[in-house]
Amino acid sequence: MRKFFYSSRNKLDQHFLSDQKIAEKIVKNLSFKDYNTVVEIGPGLGILTTYLLNICDKVFLIEIDEELISFLRNNFPLSKKQIIHKNFLEWSPEEINLKNFALIGNFPYSISSQILFHILKYNQYIPECVGMFQKEVAERIVSHNDKKTYGILSVLVQTFYDVKYLFTVDKNVFFPVPNVMSAVLFLKRKKVEIFNKDLLFKCVKISFNQRRKILKNSLKSFKKKITDFYNLPFLNKRAEQLSVREFLQLTKEIEIRK
Ligand code: SAH
């Protein structure tokens with residue numbers, strides 16, 4: 001086990017949590033309401049896994065590092081099928097026919113946005129998620145309009161999930177110690193009306209790519225006939241001023257006029 005601590009494995013963002021109390025505190029947030037299966041992203045040496053297995057036996061681990069996979073196979077009473085050697089970003093729940101599960105993990109920070117986009121892609125299967133993020137990223141995810149930290153991630157994640165900032169985690173509880181502080185978030189899926197998901201993603205991205213412009217102008221390139229719905233009051237606002245609900249409404253208006 002020690003060799004993992006001392007080898008240089010930074011490219012995989014490996015910062016192992018060493019505080020058992022924090023591990024327990026993270027896992028305890030899973031509600032098991034309407035699901036009984038949990039998928040852990042990047043279990044590493046299994047500090048969260050240990051607590052997870054105390055409360056749930058339908059656990060799947062997805063880990064990219066082959067050495068850690070052998071470590072997990074040797075140390076946890078899980079079947080071969082449950083310990084998956086894969087890049088989470090290339091994994092689909094459909095591969096193992098999972099239709100309803102929670103996600104948990106101390107996420108590899110360099111790909112945390114991509115992890116979130118992957119969760120949003122499969123949100124119909126994922127009612128809940130408890131995850132550790134870099135603190136700044138966590139703050140962006142829970143941010144609201146009119147705040148500097150509000151952006152694409154805030155809007156898209158909050159469209160599909162109610163988000164809650166649970167607690168901040170100090171650098172010193174990891175080995176090796178990272179350069180950044182961390183924070184744990186809780187995501188609970190919302191009931192959203194069916195609408196055009198691709199269109200929402202495009203619309204939000206384009207709006208924030210030119211965040212200083214009012215939407216009327218930034219959306220021109222994307223929607224030539226944007227003049228058709230100039231009567232929408234929020235088109236005179238900038239992306240950072242628009243609430244999550246208004247972005248949803250905007251997408252619906254565009255969809256209707258297609
Ligand atoms: N959960 C452990 C490890 C956190 S470090 C703990 O709390 O101690 C992040 C983990 O994610 C490492 O084990 C790393 O190998 C793994 N990882 C990095 N990129 C990954 C990816 N794309 N898919 C799956 N696992 C990944």
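Bear in mind the structure is a predicted one, so any value in this text is a computation, not a measurement. (Residues numbered from 1 in each chain as written. Predicted model: local features only at pLDDT ≥ 70, side-chain atom pairs only at ≥ 80, totals over all residues. Heavy atoms only, no water.)

Draft legend 1. Region of interest: unusual backbone geometry. Omega for the bond connecting Phe175 with Pro176 falls within 30 degrees of zero, at -15 degrees, which places this linkage in the cis form. Of note in this structure, Asp34 is not a glycine but carries a positive phi near 65 degrees. Its location among the elements puts Asp34 in the loop between helix H2 (20-27) and strand E2 (38-41). The class for Asp34 is exposed, based on a relative accessible area of 68%. Even without being a glycine, Asn97 presents a positive backbone phi close to 60 degrees. In this fold, Asn97 is placed in the loop between strand E4 (83-85) and strand E5 (102-106). Owing to a relative accessible area of 56%, Asn97 belongs among the exposed residues under this scheme. (Helix = DSSP H or I, 4+ residues; strand = E, 2+ residues; numbered from the N terminus. Buried < 20%, exposed > 50% of the residue type's maximum accessible area, 1.4 Å probe, protein only.)

Draft legend 2. Just the layout of surface pockets, in detail. Its boundaries defined by the atoms lining it, the largest pocket holds a volume of some 620 Å³. The wall of the largest pocket is formed by 36 residues, among which Asp13, Gly42, Gly44, Glu63 and Asn106 lie closest to the centre. Mapped by element, the contributors of at least two residues to the lining of the largest pocket are strand E1 (16-17), E2, helix H3 (47-55) and strand E3 (59-63). Class assignment of the residues belonging to the lining of the second largest pocket gives a composition of 3 nonpolar, 1 polar and 7 charged. (1 Å grid on protein atoms, 1.4 Å probe; cavity = no way out; pocket = protein on both sides within 12 Å on 5 of 7 lines; lining within 4 Å. Points joined across faces, edges and corners; volume = space filled by probe spheres on them. Nonpolar A, V, L, I, M, F, W, Y, C, P; charged D, E, K, R; others polar.)

Draft legend 3. Geometry of the pattern of salt bridges. Tallied over the entire structure, the rule returns 5 salt bridges. Where Glu246 meets Lys237, a salt bridge forms, and the shortest distance between an N and an O atom there is 3.4 Å. With a relative accessible area of 29%, Lys237 lands in the partly exposed category. For the salt bridge of Glu240 with Arg238, the shortest nitrogen-to-oxygen distance reads 3.5 Å. (Salt bridge = Lys/Arg side-chain N within 4 Å of Asp/Glu carboxyl O.)

Draft legend 4. Representation of the packing of aromatic side chains. Scanning all chains against the criterion turns up 9 aromatic pairs. Plain terms: the ring middles of Phe32 and Tyr35 are 5.4 Å apart, the flat faces sit at 35 degrees to each other, and that makes the pair tilted. Of the residues examined, Tyr35 reaches a relative accessible area of 6% and is grouped as buried. With centroids separated by 5.2 Å and ring planes inclined at 75 degrees, the aromatic side chains of Phe107 and Phe133 adopt a geometry described as edge-to-face. Highlighted residues: Phe107 in the loop between E5 and helix H5 (112-121) and Phe133 in strand E6 (residues 128-134), separated in sequence by 26 residues. (Phe/Tyr/Trp six-rings, centres within 6.5 Å; stacked < 30°, edge-to-face > 60°.)

Draft legend 5. Spatial organisation of the site of the ligand. Taken together, 22 residues lie near the ligand, and Gln14, Gly42, Glu63, Asn87 and Asn106 sit nearest. Between the ligand and Glu63 there is a distance of 2.6 Å, counted from an oxygen atom to a side-chain nitrogen or oxygen. Protein chains bury 97% of the 570 Å² of accessible surface belonging to the ligand in isolation. More than half of the atoms of the ligand fall within 2 Å of the grid points belonging to the largest pocket. Looking at the shell around the ligand, the elements that each hand over two or more residues are E1 and E3. Residue classes in the shell around the ligand are distributed as 11 nonpolar, 6 polar and 5 charged. (Near = heavy atom within 4 Å. Polar contact = N/O pair within 3.5 Å; in protein donor to acceptor, adjacent residues only side chain to side chain. Areas by Shrake-Rupley, 256 points an atom, 1.4 Å probe, with all protein chains shown as cover. Sits in = over half its atoms within 2 Å of the grid points.)

Draft legend 6. Spotlight on the environment of Ser92. Here Ser92 lies in the loop between E4 and E5. For Ser92, a relative accessible area of 12% corresponds to the buried category. A sequence separation of 55 residues divides Ser92 from Thr37, and the C-alpha atoms of the two residues are 15 Å apart.

Draft legend 7. Representation of helix H10 (residues 244-256). Its 13 residues give H10 an end-to-end C-alpha distance of 19 Å, which sits within 8% of 18 Å, the value for a rise of 1.5 Å per residue. Along H10, the residues classified as buried are Val244, Glu246, Phe247, Leu248, Leu250, Thr251, Glu253 and Ile254. The elements touched by buried residues of H10 are helix H7 (152-160), helix H8 (197-209) and helix H9 (215-218). (Expected span 1.5 Å × (residues − 1). Contact = heavy atoms within 4.5 Å.)

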